[in-house]
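Given next are the chains, with one letter for each unit.
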Amino acid sequence: MKRLALSRDKKEIRRLSLKGQTVEKALDIIKDPLVLEFLGIEEKSGYSEEELETAIIDRIESFLLEMGKGFLFESRQKRFTFD
C-alpha cells in the first residue's frame with residue numbers, strides 16, 4: 001500500500017483502485033515497472049543485468065551475515081554441474 005501511495009502516476013493508481021487490473025493483452029500480465037527501492041540504488045529508466053545482480057547479491061550477503069552463526073554466504077556466483 002505504501003508503494004502505491006508513493007507512486008508518481010496518481011491517475012493510474014486511482015483507476016486501479018476503482019477498476020482493478022485489466023488484462024487486454026499478454027504483456028499486461030508482466031509486472032512492469034520493477035520496484036527496486038529495497039536495493040538502495042539510484043532511480044533510473046534502465047539497469048544492466050550486472051547492476052541488478054550486484055545490488056541483489058549485496059543485500060542477500062548483508063542479510064545472511066547479519067543472521068550470524070549457522071548461516072553461510074558461499075560466493076557471489078557458484079557453478080553447479082549436473083550429470
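Keep in mind that this is a model prediction, so the values were computed, not measured.

Definitions and limits used
Residues numbered from 1 in each chain as written. Predicted model: local features only at pLDDT ≥ 70, side-chain atom pairs only at ≥ 80, totals over all residues. Heavy atoms only, no water. Helix = DSSP H or I, 4+ residues; strand = E, 2+ residues; numbered from the N terminus. Buried < 20%, exposed > 50% of the residue type's maximum accessible area, 1.4 Å probe, protein only. Contact = heavy atoms within 4.5 Å. Areas by Shrake-Rupley, 256 points an atom, 1.4 Å probe, with all protein chains shown as cover. Salt bridge = Lys/Arg side-chain N within 4 Å of Asp/Glu carboxyl O. Expected span 1.5 Å × (residues − 1). Patch = residues over 30% accessible without salt bridge, like charges linked within 9 Å, V, L, I, M, F, W, Y side chains within 5 Å.

## Observations concerning the overall build of the protein chain
Item 1. Scanning the protein chain for helices and strands turns up 3 helices and 0 strands.
Item 2. In the protein chain, the succession of α and β elements from N to C terminus is α-α-α.
Item 3. Burial status across the protein chain gives 7% buried among its 83 residues.
Item 4. Taking the contacts inside the protein chain whose residues are at least 6 apart along the sequence as the reference set, 12% of them involve residues at least 24 apart.
Item 5. Counting every atom, the protein chain has about 8200 Å² of accessible surface; 57% of that belongs to carbon and sulfur.

## What to know about helix α2 (residues 10-19)
Residue pairs three or four apart in sequence face the same way in an α-helix, which turns once every 3.6 residues.
Item 1. Across the 10 residues of α2, 0 count as buried, placing the element largely on the outside.
Item 2. One or two positions beyond α2, positive phi appears at G20, with a value near 80°.

## Thoughts on the pattern of salt bridges
Item 1. For the structure on display, the rule yields 3 salt bridges.
Item 2. Put simply, E61 and R76 hold a salt bridge, and the shortest N to O gap is 3.4 Å. With E61 in helix α3 (residues 49-67) and R76 in the segment after α3, this pair connects stretches of sequence that are 15 residues apart.
Item 3. A salt bridge links E74 to K78, with the shortest nitrogen-to-oxygen separation between them at 3.2 Å.
Item 4. Relative accessible area serves as the criterion here: at 52%, E74 is assigned to the exposed category.
Item 5. What you see here is one network of salt bridges that share partners, running through D58, E61 and R76.

## A word on α3
Item 1. Between its first and last C-alpha atoms α3 spans 27 Å; for 19 residues at 1.5 Å apiece the expected length is 27 Å, and the two agree.
Item 2. Positive backbone phi, approximately 85°, marks G68, located one or two places after α3.

## Re a nonpolar patch on the surface
Item 1. A cluster of nonpolar side chains, contributed by F63, M67 and F71, occupies part of the molecular surface with about 320 Å² of accessible area.
Item 2. Tracing the sequence through the fold places F63 in helix α3.

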